[in-house]
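Commentary on secondary and tertiary structure
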Amino acid sequence: YRADFELPMPMPMPEPEPESEPEPESEPEPEPEAKPEPEPEPEMEPEPEPEGPLLAPEFQIFTPPFFVGYLNGMSSLIESGVSGQCQSRERIGIDAWHMSEARWHRVCPQGGLSYRPTGNVAATLSELDVLLTGGRLSPKSKATVESAVANSPPGRRLQAAQQAIAMTAEFNTLGDPLPKETPRPPPSESPPTDSTEYKAVVMMFLAGGADTFNMIVPQDCNLYKEYRSIRTDLLLEPRELIKFTTAGQTCSNFGVHARFQFLKSLYDKGQAAFIANIGNLAVPIKDKFHYRNVQRCHGLFSHSDQQNGAQTLKCQDMGTAAKGTGGRIADALAQGKKGLRTTSFSLAGTSIWPQGFATQREIVDSRLGSGRFEGYERWRYTIDNITAQRHGNVYAEAYASAFLDAIETTEKVGQALAGVQTATTYPTPSGLDRQLNQIAKLMRTRDARKAERDFFFITTGGWDMHSNMKQNLDRKFNEIDGALRRFVAEMEGQKIWDKVVFVTESEFARTLDSNGGGSDHAWAGNHFIIGGGINGGRIMNKFPAALRAGNDHDLGRGRMIPEFPWESMMVPLADWLGVSADQEAMTFPNLARFNRTQHIIPTHALFKEGGSGGDRSSGGEGGRGNGGSR
């Protein structure tokens, strides 16, 4: 897990102790002058790590589905003990058996909490406070626990006390909780709007660095000869590709990987386009010589750093303080003139892409949807009191905030998904299918949620193919093509395919050169965008003019420098969703560094329907030239 969970408040630092006066030192003898060493090549040197916010990696896995599972597990432990498959709600422990009278018998329960009270209620609560929190329960937490006990049946008061204490910040964190007098304000609800227009974006992240130069391949031109020469044992023969045509590229004919039969059918309908020569860029880079003298992304070729860069579109910064691209677009739409009702979902845990400054990602489990705390109705009052309490201790405060977010997210999504069926018979043979099936169900609830703009972030892993690349890529592309076929059929069944855009990203592509069966971390790659409203049937941006080893964009072994930033496709997508021109600078912090005409695809070129309007012909001064749209 990446250690990039930002705590909600700064940790106070101790005052430095005054230093004693240093003793005077004798002057050192001058050392003989050494001969100057030649400067090393500035290529791929480690970047300085700036000071960032305080981080708590343990909160990286503290997602709503896991937190609710923890609550249900603790409830089961308190109520039923360690019981395996003994009719308990949660399976805590193993399935144990014992032999008696020549027959096997299941051990139920296998164990339980052994504490038994010896005094009155006040004495019991005092003992439990010492046993479970080290005597750290604040007065407000004690009052909450006492209320939960008082409202429980006489025979269940011990379990009620244990459950209530197990939900407090004191039980789940260390140190003085430092409770504050002012309670946490209730979450603000967006006022309902009159608009019924709905649009949605699904971002699929190919985690691990996908080898997308075998997704689309030039055909019937010199560029294919260069491709064959550098790819060696990784190359695709024409028989392994499905040929298609495009305009405005060095080659008129290309081939898409043979496994992408359904994607090719969408391309033929004008509902799919390929986005070429794209990747993380802080500024335009003209060639490998220019590369040495301009600002570059932090941690090039590093999985975690480049994933952050692709998902925040501020790759020059370490970490995720810039928040995610999808989240910032959602912020702009919610805060714009129309005040659109936006929701941002993650089916990939705490990934940053769907998280904005104001927009909070709602984390959904692809298998369970939004698992819910089974005792919520019974414990609602207790949970409200625990999560309303604010703390000076950063860990206690982070716990309470995460608790509130988990309950709100799982209850809201759980209620929306209850009883929802897809519009088509929707099989889920793979993990990717399960994620898209959940998205389809969430879209099905759009009217009940009064949704106007939805953002969905999913990941599919296994793309770090340092070996067996061709075989593994064949399998992964086949999985994606089948999942797309089922998802598009569902979108058509829901009659919203023209309102949905599905797009892919990856942290980087792979070396064109083989390492002997696989490819290694590189940079520029190729991706696709599909949707019923796409103006497709072509390759957007300019495919690299050369693929031969040592070309002016090759950093070595076919590590190609991208000519186009992720903004080239995300800016027109934001425009299509309704982000206005005056919001772009906040939504895309690096946009002014690029030339709009050269580096950004016009909205009318990518979509059949125009965007939010306004004059967007001008851009930054990052580059000069023409093209870039096809």
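The text that follows walks through the structure, step by step, so that each part is easy to find. Residue numbering note: each chain is counted from 1, following its sequence as written. Two thresholds apply to this predicted model, a pLDDT of at least 70 for residue-level local features and 80 or more for giving and counting side-chain atom pairs, whereas whole-chain, interface and lining totals are computed over all residues. Just so you know, side-chain values use all the structure's heavy atoms and leave hydrogens and water out.

Details of the overall build of the protein
Helix and strand counts for the protein come out as 18 helices and 14 strands. Burial classification: accessible surface area is computed with a 1.4 Å probe over protein chains only, and a residue below 20% of its type maximum counts as buried, one above 50% as exposed, and the rest as partly exposed. When each of the 630 residues of the protein is scored for burial, the buried share is 52%. For the protein, restricting intrachain contacts to residue pairs at least 6 apart in sequence, the fraction spanning at least 24 positions comes to 75%. Of the roughly 29200 Å² that the protein leaves accessible, carbon and sulfur atoms contribute 51%. Numbering of helices and strands starts at the N terminus; helices are DSSP runs of H or I of at least 4 residues and strands are runs of E of at least 2. Any pair of residues with heavy atoms lying within 4.5 Å of one another is described as a contacting pair. Here the accessible surface of atoms and residues is derived via Shrake-Rupley with a 1.4 Å probe, and residues count as covered only by protein chains that are part of the display.

Concerning the state of the cysteines
Any two cysteine sulfur atoms within 2.5 Å of one another count as a disulfide. Inspection of the entire model under this criterion finds two disulfides. Each sulfur in the disulfide pair Cys221 and Cys251 lies 1.9 Å from the other. Its S-S torsion of approximately 85 degrees makes the covalent link between Cys221 and Cys251 right-handed. With Cys221 in the loop between strand 4 (216–219) and helix 6 (222–231) and Cys251 in the loop between strand 5 (241–245) and strand 6 (253–257), the pair connects residues that are 30 residues apart, well separated along the chain. A residue is classified by how much of its surface remains accessible, and Cys251, at 2% relative accessible area, is buried.

Some words on the packing of helix 3 (residues 139–150) against helix 10 (residues 376–388)
The geometry of helix 3 relative to helix 10 is characterised by a closest axis approach of 10 Å and an angle of 175 degrees between their N-to-C directions. Between helix 3 and helix 10, the angle falls in the class roughly antiparallel. Contacts from Thr144, Ser147 and Ala148 in helix 3 reach Trp379, Tyr381, Thr382, Asn385 and Ile386 in helix 10. Side-chain classes follow a simple rule in which Ala, Val, Leu, Ile, Met, Phe, Trp, Tyr, Cys and Pro form the nonpolar group, Asp, Glu, Lys and Arg form the charged group, and the remainder, Gly included, forms the polar group. Within the contact of helix 3 with helix 10, the residues separate by chemical class into four nonpolar, four polar and no charged. Fitted lines through C-alpha atoms serve as axes, helices being fitted only where they are in contact, and the angles separating the N-to-C directions of these axes extend from 0 to 180 degrees. To sort the angles, those under 35 degrees are grouped as roughly parallel, those over 145 as roughly antiparallel, those from 65 to 115 as roughly perpendicular, and the leftovers as oblique.

Quick word on unusual backbone geometry
Unlike most non-glycine residues, Phe301 shows phi in positive territory, near 75 degrees. Here Phe301 shows up in the loop between strand 7 (272–279) and helix 8 (303–312). Using a relative accessible area of 13% as the deciding quantity, one classes Phe301 as buried. Although it is not a glycine, Lys495 adopts a positive phi angle of roughly 60 degrees. Structurally, the position occupied by Lys495 is in the loop between helix 14 (469–493) and strand 11 (500–505).

Here's the deal with the pattern of salt bridges
Salt-bridge detection follows one rule: a side-chain nitrogen of Lys or Arg within 4 Å of a carboxyl oxygen of Asp or Glu. Evaluated as defined, the whole model comprises 23 salt bridges. Where Glu377 meets Arg380, a salt bridge forms, and the shortest distance between an N and an O atom there is 2.9 Å. You can see Glu377 and its partner Arg380 sitting in helix 10, three residues apart, about one turn around the helix. A residue is classified by how much of its surface remains accessible, and Glu377, at 57% relative accessible area, is exposed. Here the residues in one salt-bridge network are Lys199, Lys499 and Glu609, joined through shared partners.

Comments concerning the side chain of Thr445
Topologically, Thr445 is positioned in the loop between helix 12 (431–444) and helix 13 (446–449). Thr445 gets classed as buried once you look at its relative accessible area, which sits at 3%. Here a polar contact is recorded for every N or O atom pair within 3.5 Å, except that within protein the pair must consist of a potential hydrogen donor and a potential acceptor, and residues adjacent in sequence are included only if both atoms are side-chain atoms. Among the polar contacts listed, one links the side chain of Thr445 to the backbone oxygen of Leu442, at a separation of 2.6 Å.

Observations regarding the nonpolar core
The definition of a nonpolar core used throughout is a set of buried Ala, Val, Leu, Ile, Met, Phe, Trp, Tyr and Cys residues joined through side-chain atoms within 4.5 Å. Of all hydrophobic cores here, the largest spans 68 residues; its most connected members are Phe274, Leu436, Met443, Phe487, Phe528 and Ile530. In terms of residues, this core owes the most to one element, helix 14, which gives nine residues.

Some thoughts on helix 12
Taking 1.5 Å per residue, 14 residues should reach 20 Å; helix 12 reaches 20 Å between its end C-alpha atoms and fits that length. The element helix 12 is extensively covered by neighbouring structure, given that 10 of its 14 residues are classed as buried. The span you would expect from a helix comes to 1.5 Å times its residue count less one.

Comments concerning the packing of helix 2 (residues 121–133) against helix 4 (residues 157–166)
At a minimum axis distance of 11 Å, the contact between helix 2 and helix 4 shows a crossing angle of 40 degrees. In terms of orientation, helix 2 and helix 4 fall into the oblique class. The handedness of the crossing between helix 2 and helix 4 is right-handed. For the pair helix 2 and helix 4, the contacting residues are Thr124, Leu125, Leu128, Asp129, Leu132 and Thr133 in the first and Leu158, Ala161, Gln162 and Ile165 in the second. Partitioning the contact of helix 2 with helix 4 into residue classes produces six nonpolar, three polar and one charged. The handedness criterion is simple: a crossing whose near helix is rotated anticlockwise from the far helix by less than a right angle is left-handed, and one whose near helix is rotated clockwise is right-handed.

Focus on the sheet that holds strand 5
Two strands qualify as a pair provided DSSP detects at least 2 bridges between them. Taken in spatial order, the three strands line up as 4-6-5 in an open sheet, and their pairing is antiparallel. Because the sheet does not close on itself, it has two edges, and the strands there are strand 4 and strand 5. Averaged over neighbouring strand pairs, the angle between their axes works out to 35 degrees when direction is ignored. The sheet contact formed by strand 5 and strand 6 spans five bridges and is antiparallel. In the strand pairing of strand 6, Phe244 is matched with Phe254. Seen against the sheet, helix 7 (residues 261–268) touches strand 5 and strand 6 and runs at an angle of roughly 10 degrees to strand 5.

Remarks on the packing of aromatic side chains
What counts as a ring pair is set by centres within 6.5 Å for rings of Phe, Tyr and Trp (its six-membered ring), and what kind of pair is set by the plane angle: stacked under 30 degrees, edge-to-face over 60, tilted for all other angles. Overall, the coordinates contain 23 aromatic pairs when judged by the stated rule. With centroids separated by 6.0 Å and ring planes inclined at 70 degrees, the aromatic side chains of Tyr291 and Trp523 adopt a geometry described as edge-to-face. With a gap of 232 residues between them, Tyr291 in the loop between strand 7 and helix 8 and Trp523 in the loop between strand 11 and strand 12 (525–531) connect regions that are remote in the sequence. Look at Phe502 and Phe528: their rings are 6.4 Å apart centre to centre, the planes differ by 5 degrees, and that puts the pair in the stacked class. In this pair, Phe502 is assigned in strand 11 and Phe528 in strand 12, connecting sequence segments 26 residues apart. As far as the burial class goes, Phe502 and Phe528 line up, both buried. Linked through ring pairs, Phe213, Phe244, Phe254, Tyr267, Phe274 and Phe543 together constitute an aromatic cluster. Lysine and arginine charges are scored as sitting over a ring when NZ or CZ, respectively, is within 6 Å of the ring centre and within 35 degrees of the ring normal. Arg559 extends its terminal NZ or CZ atom over the ring of Phe301, reaching a point 5.4 Å from the ring centre.

Let's talk about helix 4
Across the 10 residues of helix 4, nine count as buried, placing the element largely inside the fold. Among all positions of helix 4, only Leu158, Gln159, Ala160, Ala161, Gln162, Gln163, Ala164, Ile165 and Ala166 are buried.

A short note on the side chain of His553
Checked against the element boundaries, His553 lands in the loop between strand 13 (539–540) and strand 14 (564–565). Owing to a relative accessible area of 10%, His553 belongs among the buried residues under this scheme. Aside from chain neighbours lying at most four places away, what touches His553 is Ile285, Lys286, Asp287, Arg559, Met560, Ile561 and Glu563.

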